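This is what each chain is made of:
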Amino acid sequence: MFAQVNDLNMFYEERGDPQAGPILFLHGFPFDHSMWTHQMEAFSRTHRCIAPDLRGHGQTTRLSASGASARPAVTIEQMADDVIGLLDHLGLDRATVCGLSMGGYIAFALWRRYAARISRLILADTKAGADSDEARQNRFRLAELVKAKGASAAADAMLPRLFAPGNLGGPAARHIRQIIERTPPDQIADTLHALAARPDSTGLLDTITAPCLVVVGEHDAITPLSEAELMCRRAPLAGQPVVIPHAGHLSPLENPPAFNQAVADFLAHGMGNGE
Ligand code: MLT
């Protein structure tokens, strides 16, 4: 389905009972809604599940795409505004927000600007800190490489760090490579700049009064357990991180049963204060 949101024709998948409690799934970079396929399947039995393609990703396009030189800069805050626009379009005041990596950065931006719209937070394979100078320079280099060589250069550079070593040759890794290779290189480059410019959200953690689940893949090399532990120490209602075995940075795809169990336990027992 598509919704006109801000300057976007925004694609989203929706499944489940429209009257049930909503869960909004925010994908990582540079993927699309389909990374949540196992969660949409499982949680649409009990919840209204919504998974958009975020700005610059998947089937979501700008309504008035003009020439490359006229492309405005993309920001994580703008992606949060898009998400709020989608909630408005769907008539939803509040939702449980589940964000992976970049989706988690967007969840922080949502909390900063629209905390009343979040009933619960699921932070998967993400971190609160901003990029180091070195990480920023690496993003700028990758952006130039992708513009020169195409999206497969991003897939080549990123895949080995996204998956646990044993999962790199599997169907999930092939699926993710396809998604990355379908993404226009200039959009990958724009998002890399948005990621590099995102603010530090560490201080924000102290203010997160929503029930919060923190999940991390055992072999996550991009946002490791130490980052999950930091988020749990600071966010008042976060408890302990749940470590997903046999998974790297893409724990919902690499070990769906363990990821879904963690989310189901949280939804059943976490202190929800209503959707
Ligand atoms: C993601 O999965 O969204 C990316 O790894 C985020 C990042 O590069 O910081």
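Caption draft 1: Representation of the overall build of the protein within the structure. Looking only at helices and strands, the protein features 11 helices and nine strands. Relative to the compact-globule value of 19 Å for 275 residues, the protein shows a C-alpha radius of gyration of 17 Å, a close match. For the protein, the C-alpha atoms occupy an extent of roughly 50 × 40 × 35 Å along the three principal directions. The proportion of buried residues among the 275 residues of the protein is 55%. Counting only contacts in the protein whose residues sit at least 6 apart along the sequence, the fraction spanning at least 24 positions is 78%.

Caption draft 2: Representation of the site of the ligand. Near the ligand you find Gly-28, Phe-29, Phe-31, Ser-101, Met-102, Tyr-105, Arg-139, Ile-222 and His-249, and these make up its full shell. In this structure, an oxygen atom belonging to the ligand sits 3.0 Å away from a side-chain N or O atom of Ser-101. Separating an oxygen atom of the ligand from a side-chain N or O atom of His-249 is a distance of 2.9 Å. When isolated, the ligand has an accessible area of 270 Å², and the protein chains bury 94% of it. Class assignment of the residues belonging to the shell around the ligand gives a composition of five nonpolar, three polar and one charged.

Caption draft 3: How the structure looks around the packing of helix α2 (residues 76-90) against helix α3 (residues 102-114). Interhelical geometry of α2 versus α3 gives an angle of 75° and a closest axis separation of 8 Å. Between α2 and α3, the angle is such that the two are roughly perpendicular. Counted together, Ile-76, Glu-77, Met-79, Ala-80, Asp-81, Val-83 and Ile-84 of α2 and Met-102, Tyr-105, Ile-106, Ala-109, Leu-110, Arg-112, Arg-113 and Tyr-114 of α3 form the full contact between these two elements. Of the residues belonging to the contact of α2 with α3, the class tally is 11 nonpolar, no polar and four charged.

Caption draft 4: Local environment of empty space enclosed by the protein. Scanning all chains against the criterion turns up one cavity of 30 Å³ or more. Forming the boundary of the largest cavity are Ile-76, Glu-77, Tyr-105, Phe-108, Ala-109, Arg-112, Lys-127, Ala-128, Arg-198, Pro-199 and Ser-201. Those elements giving two or more residues to the lining of the largest cavity turn out to be α2 and α3. The leading source of residues in the lining of the largest cavity is α3, at four residues. Broken down by class, the residue content of the lining of the largest cavity amounts to six nonpolar, one polar and four charged.

Caption draft 5: Region of the structure containing the packing of helix α4 (residues 133-149) against helix α5 (residues 151-162). Contact pair α4 / α5: the axes reach a minimum separation of 6 Å and the direction vectors enclose 135°. Here α4 is positioned oblique relative to α5, judged by the angle of their axes. The segment α4 lies against α5, with Leu-142, Leu-145, Val-146 and Lys-149 engaging Ala-151, Ser-152, Ala-153, Ala-154, Ala-157 and Met-158. Looking at the contact of α4 with α5 residue by residue, the classes come out as eight nonpolar, one polar and one charged.

Caption draft 6: Quick peek at the layout of surface pockets. The calculated volume of the largest pocket comes to roughly 550 Å³. Surrounding the largest pocket, 21 residues form its lining, Arg-139, Met-158, Arg-161, Leu-192 and Ile-222 being those nearest its centre. Elements represented by at least two residues in the lining of the largest pocket include exactly α3, α4, α5 and α7 (185-196). At five residues, the largest contribution of residues to the lining of the largest pocket is made by α4.

Caption draft 7: Inspection of α3 at higher detail. Compared with an ideal rise of 1.5 Å per residue, which puts 13 residues at 18 Å, α3 spans 17 Å between its outermost C-alpha atoms and is within 8% of the ideal. Most of α3 sits inside the fold, with 10 of its 13 residues counted as buried. Of all the positions in α3, only Met-102, Gly-103, Gly-104, Tyr-105, Ile-106, Ala-107, Phe-108, Ala-109, Leu-110 and Trp-111 are classed as buried.

Caption draft 8: Representation of the packing of aromatic side chains. Overall, the coordinates contain three aromatic pairs when judged by the stated rule. Taken together, a centroid distance of 5.3 Å and an interplanar angle of 70° make the contact between Phe-2 and Phe-11 edge-to-face. An angle of 40° between the planes, with centres 5.1 Å apart, marks the rings of Phe-25 and Trp-36 as tilted. With Phe-25 in strand β3 (residues 22-26) and Trp-36 in the loop between β3 and α1 (37-43), the pair connects residues that are 11 residues apart, well separated along the chain. For the residue pair Phe-25 and Trp-36, the accessibility class agrees, reading buried in each case. A connected cluster of aromatic rings, assembled from ring pairs, spans Phe-25, Trp-36 and Phe-259. In this structure, Arg-198 is placed above the aromatic ring of Tyr-105, and the distance from its NZ or CZ to the ring centre is 3.9 Å.

What counts, and at which threshold
Residues numbered from 1 in each chain as written. Predicted model: local features only at pLDDT ≥ 70, side-chain atom pairs only at ≥ 80, totals over all residues. Heavy atoms only, no water. Helix = DSSP H or I, 4+ residues; strand = E, 2+ residues; numbered from the N terminus. Rg over C-alpha atoms; globule rule 2.2 N^0.38 Å. Buried < 20%, exposed > 50% of the residue type's maximum accessible area, 1.4 Å probe, protein only. Contact = heavy atoms within 4.5 Å. Near = heavy atom within 4 Å. Polar contact = N/O pair within 3.5 Å; in protein donor to acceptor, adjacent residues only side chain to side chain. Areas by Shrake-Rupley, 256 points an atom, 1.4 Å probe, with all protein chains shown as cover. Nonpolar A, V, L, I, M, F, W, Y, C, P; charged D, E, K, R; others polar. Axes fitted to C-alpha atoms, helices over the stretch in contact; angles between N-to-C directions. Parallel < 35°, antiparallel > 145°, perpendicular 65-115°, else oblique. 1 Å grid on protein atoms, 1.4 Å probe; cavity = no way out; pocket = protein on both sides within 12 Å on 5 of 7 lines; lining within 4 Å. Points joined across faces, edges and corners; volume = space filled by probe spheres on them. Expected span 1.5 Å × (residues − 1). Phe/Tyr/Trp six-rings, centres within 6.5 Å; stacked < 30°, edge-to-face > 60°. Lys NZ or Arg CZ within 6 Å of the ring centre and 35° of its normal.

That's the geometry; what it means functionally is another story.
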